[in-house]
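Residue-level structure breakdown
Single-letter residue listing:
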Amino acid sequence: MSIKRILKWSLALIAAGAAVAAAISAYGYYIVKMQTVELAETAYIYITPDDNSSTIMRKIEAVTGNASTKGFAMLAEHNKFDSRKRSGKFAINNGESMYDIYRRIVSNEQTPVKLTVPSTRTVPQLVGTLCRQLMIDSLELSEFTTHKIYISRIGYNEATLPSLFIPDTYEVYWNIKPERLMIKLMEERTKFWNSTRMAKAKALGLTPEQVATLASIVDEETNSNEEKPIVAGLYINRLKRGMPLQADPTVKFALGDPTRRRILNSDLEVESPYNTYKHTGLPPGPIRIPTKQALESVLNYTKHDYLYMCAKEDFSGRHNFAKSLGEHNANARRYQQALNKRNIKK
């Protein structure tokens, strides 16, 4: 074969190779940037530090109806994605390509989650609820809520710690770290206790922690937001007169049984700083994490002359209020008779 023919065939092979490469490149461009997902609404995937490109692709396929993730695979392989791990909640929008999705993840453009901080009876219950909504191990967060030195450094102790938390819904990142979450919760507490609320607490002669303590009792006394300012006013009346609060929920707390429906005379003898039948003033700290409604009810309590309250005999959860002991005793007898009729012992 002549040199001229060899050159001709070589040029032809080079041209064919270039055409194949161009075709492959065009196909890659299509599946990476041009092929898009079809969604009725924005979907979300949750990526953990243990995820790799393969597991992330499966998560994408699960929310996009098995849309092709070849483009994601090509990008991940070319850019060595597994060496640059990301975690968090990431959005996938209708009409996006694998390039759009990949870029969002490697750029760490997370979508915040709505974190609900509820009013729970205990801090461990709160920790469990928060961790179920976030990528946080409950043991890790518990270290911050049980470590005495840490709690002391942020201005609390075991008894007053429940007053730190302000129940509401906040925006945070799903992969937030425990220490950053605690900072966020402290920031929200500072926002709540603005100058107006601090002035109202000062006018009552109470610290924010004491307001939270009284609010926690109000929460345990009634589920009715309408009644809470009235209940708060009653206890403030007793505090001003130096009378013991005689709040049954504090006795239940001291007994370790918040669900108890009937308090016996023997229960009132329990020795505890939380027994407000034996000790005047407020207990050492909140008996639960108080709701915002209860906190506001204390700060904006209803002014009246009530000193006594008793659950209504219709078990509606509401109360009969009284100004005198005689009137209160009559209310109490009706309630006790109702308990006896239903054979409620505790």
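The text that follows walks through the structure, step by step, so that each part is easy to find. (Residues numbered from 1 in each chain as written. Predicted model: local features only at pLDDT ≥ 70, side-chain atom pairs only at ≥ 80, totals over all residues. Heavy atoms only, no water.)

1. Regarding helix 11 (residues 228–241)
Between its first and last C-alpha atoms helix 11 spans 20 Å; for 14 residues at 1.5 Å apiece the expected length is 20 Å, and the two agree. In terms of residue burial, helix 11 counts as a mostly covered element, since 10 of its 14 residues are buried. What helix 11 keeps buried is the set Lys228, Pro229, Val231, Ala232, Gly233, Leu234, Tyr235, Ile236, Asn237 and Arg238. Each element contacted by the buried residues of helix 11 is listed here: helix 9 (195–204), helix 10 (208–221), helix 13 (292–299), strand 5 (308–311) and strand 6 (319–322). Two residues or fewer after helix 11 comes Gly242, characterised by a positive phi angle close to 75°. (Helix = DSSP H or I, 4+ residues; strand = E, 2+ residues; numbered from the N terminus. Expected span 1.5 Å × (residues − 1). Buried < 20%, exposed > 50% of the residue type's maximum accessible area, 1.4 Å probe, protein only. Contact = heavy atoms within 4.5 Å.)

2. Here's the deal with the side chain of Arg197
On the secondary structure map, Arg197 appears in helix 9. Setting aside its immediate chain neighbours within four residues, Arg197 contacts Lys191, Phe192, Glu296 and Leu299.

3. Describing the packing of helix 10 against helix 13
Relative orientation of the contacting elements helix 10 and helix 13 amounts to 115°, with a least axis distance of 8 Å. As summarised for this structure, helix 10 and helix 13 are arranged roughly perpendicular, according to the angle between their axes. Of the two elements, helix 10 crosses helix 13, and the hand of that crossing is right-handed. Where helix 10 abuts helix 13, its residues Val211, Ala212, Leu214, Ala215, Val218 and Asp219 lie against Ala294, Leu295, Val298 and Leu299. Residues of the contact of helix 10 with helix 13, tallied by class, amount to nine nonpolar, no polar and one charged. (Axes fitted to C-alpha atoms, helices over the stretch in contact; angles between N-to-C directions. Parallel < 35°, antiparallel > 145°, perpendicular 65-115°, else oblique. Left-handed = near helix turned anticlockwise from the far one by under 90°. Nonpolar A, V, L, I, M, F, W, Y, C, P; charged D, E, K, R; others polar.)

4. A closer look at unusual backbone geometry
The phi dihedral of Lys80 falls on the positive side, at around 50°, and the residue is not glycine. Note on placement: Lys80 falls in the loop between helix 3 (70–79) and strand 2 (88–92). Here Lys80 falls in the exposed class, since its relative accessible area comes to 62%. Unusually for a residue other than glycine, Asn108 sits at a positive phi of about 60°. Considering the arrangement of structural elements, one finds Asn108 in the loop between helix 4 (98–106) and strand 3 (113–117).

5. Some details on the environment of Lys252
Looking at the element boundaries, Lys252 is found in helix 12 (residues 248–255). A sequence separation of 18 residues divides Lys252 from Val270, and the C-alpha atoms of the two residues are 9.8 Å apart.

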